[in-house]
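# A look at the structure
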Amino acid sequence: MYPIVTLETYCNILNLLRGLLPLCAPLIASLLLSTDSYLTLDEPMNNITTSLGQTAELHCKVSGNPPPTIRWFKNDAPVVQEPRRISFRATNYGSRLRIRNLDTTDTGYFQCVATNGKKVVSTTGVLFVKFGPAPTASPGSS
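Rules used throughout
Residues numbered from 1 in each chain as written. Predicted model: local features only at pLDDT ≥ 70, side-chain atom pairs only at ≥ 80, totals over all residues. Heavy atoms only, no water. Core = buried A, V, L, I, M, F, W, Y, C linked by side-chain atoms within 4.5 Å. Buried < 20%, exposed > 50% of the residue type's maximum accessible area, 1.4 Å probe, protein only. Helix = DSSP H or I, 4+ residues; strand = E, 2+ residues; numbered from the N terminus. Contact = heavy atoms within 4.5 Å. Pairing = 2+ DSSP bridges. Axes fitted to C-alpha atoms, helices over the stretch in contact; angles between N-to-C directions. Salt bridge = Lys/Arg side-chain N within 4 Å of Asp/Glu carboxyl O.

Going by an unreviewed UniProt entry, the protein carries the name Ig-like domain-containing protein and comes from Myodes glareolus.

## Description of the nonpolar core
Judged by nonpolar contacts, the single largest core of 19 residues is most densely connected at I70, W72, L97, I99, F110 and L127. For this core, the element with the highest residue contribution is strand β3 (residues 56-65), accounting for four residues. Setting aside its immediate chain neighbours within four residues, L97 contacts A56, E57, L58, W72, V79, I86, S87, F88 and F110.

## Considering the sheet that holds strand β6 (residues 86-91)
Sheet architecture is open: four strands sit in the order β1-β3-β7-β6, paired in antiparallel fashion. Edge positions in the sheet fall to β1 (38-43) and β6, since each has one partner strand and no second. Going across the sheet, the axis of each strand differs from the next one's by a mean of 20°, ignoring polarity. The pairing of β3 with strand β7 (residues 94-99) spans six bridges and is antiparallel. Among the inter-strand pairings, K61 is bridged to a residue of β7, identified as G94.

## Looking at the pattern of salt bridges
Applying the stated criterion across every chain, the model contains four salt bridges. Between E43 and K61 there is a salt bridge; the shortest N-O distance is 3.5 Å. Of the two residues, E43 is situated in strand β1 and K61 in strand β3; the sequence distance between them amounts to 18 residues. Look at E43 and you get partly exposed, because its relative accessible area is 34%. Taking the shortest distance from any N to any O, the salt bridge between D106 and R85 comes out at 2.8 Å. One end of the pair, D106, is in the loop between β7 and β8 (108-115); the other, R85, is in the loop between β5 (77-78) and β6, and 21 residues separate them in sequence. Comparing D106 with R85 shows no difference in burial state: the two are buried. Here the salt bridges share partners, and the residues they tie into one network are E82, R85 and D106.

Structure representation (structure tokens):
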């Protein structure tokens, strides 16, 4: 029966024989990193019902190592940013999608997809924009 040789021992033997430590170090580092990698959906996305002209914010709450890349979709198509109206940005909890001056055509299924090269997670929420003015304070209610 042959003795069990770990990857580190094997690389050390190769290093002694051929001077290959620079080739083995990145391999060992990547193996160590892969055991610490994770990607977690920290909270599902909320559904939002709001009115014409309002602003909606959808939140993608994820965490991971390596840090994830987050993409936004509306009805399975990539969300396209529009200056001063539709924007998304990275946050300390993942990502935020903001849509200003809402129109009924903004109604749809919004999905964020997070990936870190090791795993993929996603969550979906519904944005419903209804007709009618936004709620206002009644006279005499201060």
